[in-house]
Amino acid sequence: MGYGKMDMVEMGLVVVEMNIAVPKRFLRWRSNHFLQIPYLLFVLVGLVNFLKVHLMPLCTGGTFASLAVYFARGESTVGGIVSDTSKVIWEVLKDKYMQVPNREQWTAIAQRFETLWNLPNCIGAIDGKHIRIEKFANSGSSNLNYKSYHSTVLLACCDADGLFTMIETGYAGRNSDGGIFRASAMKYWIHRGELDIPTPSPLTYDDNYSSFPYYFVADEAFPLSRYLMRPYPQRVLDNVKRIYNYRISRARKTVECTFGMVCEKFAVLNGPIRIREPENANFVIKAACVLHNYVRKLEGLPYVSTYPQDCEPNDHIDVRTTTQNMTINETSSPAALRNYLANYFLTPRGSVPWQWKFAIN
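Throughout what follows, the structure given in this document is the object of discussion. For clarity, every value in this text was computed on a predicted model and none was experimentally measured.

**Focus on the packing of helix α9 (residues 239-265) against helix α10 (residues 278-299)**
- Contact geometry for α9 and α10: axes closest at 10 Å, N-to-C directions at 100 degrees. In terms of axis orientation, α9 runs roughly perpendicular to α10. Judged by residue contacts, Thr258, Met261, Val262 and Lys265 of α9 engage Ala288, Cys289, His292, Val295 and Arg296 from α10.
- A class-by-class count of the residues in the contact of α9 with α10 yields five nonpolar, two polar and two charged.

**A look at unusual backbone geometry**
- Backbone geometry at Asn118 places phi at a positive 60 degrees, although glycine is not the residue there.
- Position of Asn118 among the secondary structure elements: in the loop between α6 (103-117) and β1 (122-132).
- Positive phi outside glycine occurs at Ser148, with the angle close to 70 degrees.
- Of the residues examined, Ser148 reaches a relative accessible area of 61% and is grouped as exposed.

**A word on the state of the cysteines**
- Under the defined criterion, the tally for this structure stands at zero disulfides.
- You can see Cys257 has no disulfide; the closest cysteine sulfur is in Cys158, sitting 8.5 Å from it.
- Taking relative accessible area as the criterion, Cys257 reaches 35% and is therefore assigned partly exposed.
- No disulfide involves Cys263; its sulfur sits 8.5 Å from the nearest other cysteine sulfur, which is in Cys289.

**Description of the pattern of salt bridges**
- This structure, assessed with the given rule, holds five salt bridges.
- For the salt bridge of Arg103 with Asp196, the shortest nitrogen-to-oxygen distance reads 3.2 Å. Of this pair, Arg103 sits in helix α6 while Asp196 sits in the loop between α8 (185-191) and β4 (201-202); the two residues are 93 residues apart in sequence, bridging distant segments of the chain.
- Assessed through its relative accessible area of 33%, Asp196 is described here as partly exposed.
- In this structure, the salt-bridge partner of Asp161 is Arg112, at a minimum N-O distance of 2.6 Å. Taken together, the residues span a long stretch of sequence, with Asp161 in the loop between β2 (151-158) and β3 (164-172) and Arg112 in helix α6 at a distance of 49 residues.
- Take Asp161: its relative accessible area is 12%, and that puts it in the buried class.
- Residue class for Arg112 comes out partly exposed when judged on its relative accessible area of 27%.

**Details of the side chain of Ser210**
- Structurally, the position occupied by Ser210 is in the loop between β4 and β5 (211-212).
- When its relative accessible area of 11% is taken as the criterion, Ser210 is described as buried.
- In contact with Ser210, other than residues within four places in its own chain, are Ser201, Pro202, Leu203, Ile328 and Tyr340.

**Quick look at the packing of aromatic side chains**
- If you walk through the whole model with that rule in mind, you get eleven aromatic pairs.
- Ring geometry for Phe181 and Phe222: centres 5.6 Å apart, planes at 70 degrees, overall edge-to-face. Placement of Phe181 in helix α7 (residues 177-183) and of Phe222 in the loop between β6 (215-217) and β7 (228-229) is noted, with a sequence separation of 41 residues between them.
- For Phe222, a relative accessible area of 1% translates into the label buried.
- A connected cluster of aromatic rings, assembled from ring pairs, spans Tyr232, Tyr244, Tyr344 and Phe345.
- Between Arg132 and the ring centre of Tyr149, over which it is positioned, the NZ or CZ distance is 3.9 Å.

**Thoughts on the nonpolar core**
- Within the largest apolar cluster, 89 residues are counted, with the highest numbers of intra-cluster contacts made by Ile126, Phe216, Val217 and Leu341.
- The biggest single contributor to this core is α10, with eleven residues.
- Look past the residues within four positions of Phe216 in its chain and what remains in contact with it is Trp106, Ile123, Gly124, Ile126, Cys157, Met166, Ile190, Ile197, Tyr227, Leu228 and Met229.

**Remarks on the layout of surface pockets**
- The calculated volume of the largest pocket comes to roughly 310 Å³.
- For the lining of the largest pocket, the secondary structure elements donating two or more residues are α5 (75-97), β3 and α8.
- Of the residues forming the lining of the largest pocket, the biggest block, four residues, is contributed by β3.
- Split into classes, the residues belonging to the lining of the largest pocket amount to nine nonpolar, two polar and three charged.

Quick notes on the rules
- Residues numbered from 1 in each chain as written.
- Predicted model: local features only at pLDDT ≥ 70, side-chain atom pairs only at ≥ 80, totals over all residues.
- Heavy atoms only, no water.
- Axes fitted to C-alpha atoms, helices over the stretch in contact; angles between N-to-C directions.
- Helix = DSSP H or I, 4+ residues; strand = E, 2+ residues; numbered from the N terminus.
- Parallel < 35°, antiparallel > 145°, perpendicular 65-115°, else oblique.
- Contact = heavy atoms within 4.5 Å.
- Nonpolar A, V, L, I, M, F, W, Y, C, P; charged D, E, K, R; others polar.
- Buried < 20%, exposed > 50% of the residue type's maximum accessible area, 1.4 Å probe, protein only.
- Disulfide = S-S within 2.5 Å.
- Salt bridge = Lys/Arg side-chain N within 4 Å of Asp/Glu carboxyl O.
- Phe/Tyr/Trp six-rings, centres within 6.5 Å; stacked < 30°, edge-to-face > 60°.
- Lys NZ or Arg CZ within 6 Å of the ring centre and 35° of its normal.
- Core = buried A, V, L, I, M, F, W, Y, C linked by side-chain atoms within 4.5 Å.
- 1 Å grid on protein atoms, 1.4 Å probe; cavity = no way out; pocket = protein on both sides within 12 Å on 5 of 7 lines; lining within 4 Å.
- Points joined across faces, edges and corners; volume = space filled by probe spheres on them.

Right under this line is the structure:
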């Protein structure tokens, strides 16, 4: 199966995952006369067809009006199916397909980042994505972003293979990624040490054997900290910093690729999402993300390590940069840790053969 739209086999497997939770929820929903409609459809057309009604707007981004004509259902009925089933899919699948990693899983993620992207001790890439929406009622300009359209922000962390490990939704589009991260539960739990992240350990080829904390990578919009490495600002770059930025960016682009994959499969994220209730719109986004993980694991298409074949060795006399004798400890500042990592990328075993060619012109 290619990474295209979800086919009937995949939808059928989603039904298997949901075969216990969905009937119970629909039985409870019967107490509300409006929500009897999804229950009746569930009985009449079966779970697969019911999911097809739900997944078509997610996969195609079509309007509820066009889907109502296609399925010969009312527009409000289609909207109710999409909203209600998104919530069920998220609640049923999140604990299995987007569970927050434990210590062993964080360590495995770090190993994958080093294998694929040559970045030691990295346990995730974090970024925010603006999801275009139709203006929520009584929201004013709170969701109007810097690109001049209304959006809600998806804050996500992914592993080296393009799987979401943590997501948060519902942030107003007018906020910056850094401001959203500072206010997020993700940052709160990382800062409190509640994510069971492994204790600091030496970088793989570090001859000093200094313990370096495990960390996430992000772009320049995020704050530098002991657990979050970001690039050096563009205005103060030298060769050492350019190489560091290149090496960090190789791992950081995984979250950008993950956003691209989930938007390719679920075109509803290309927006605008035509749901006026913020809570329901958030469940649509969450359902798309957890279904992305589900399909990635189902199809079994992990990244493979690739290296440039026409790279040049690290022996350019004109740009060669010598390493410095640096030390770090548990009280070292985030800036000192970043400098230490940048220095590590210059060592014979910590460097990669093509970094000079791609980082320094």
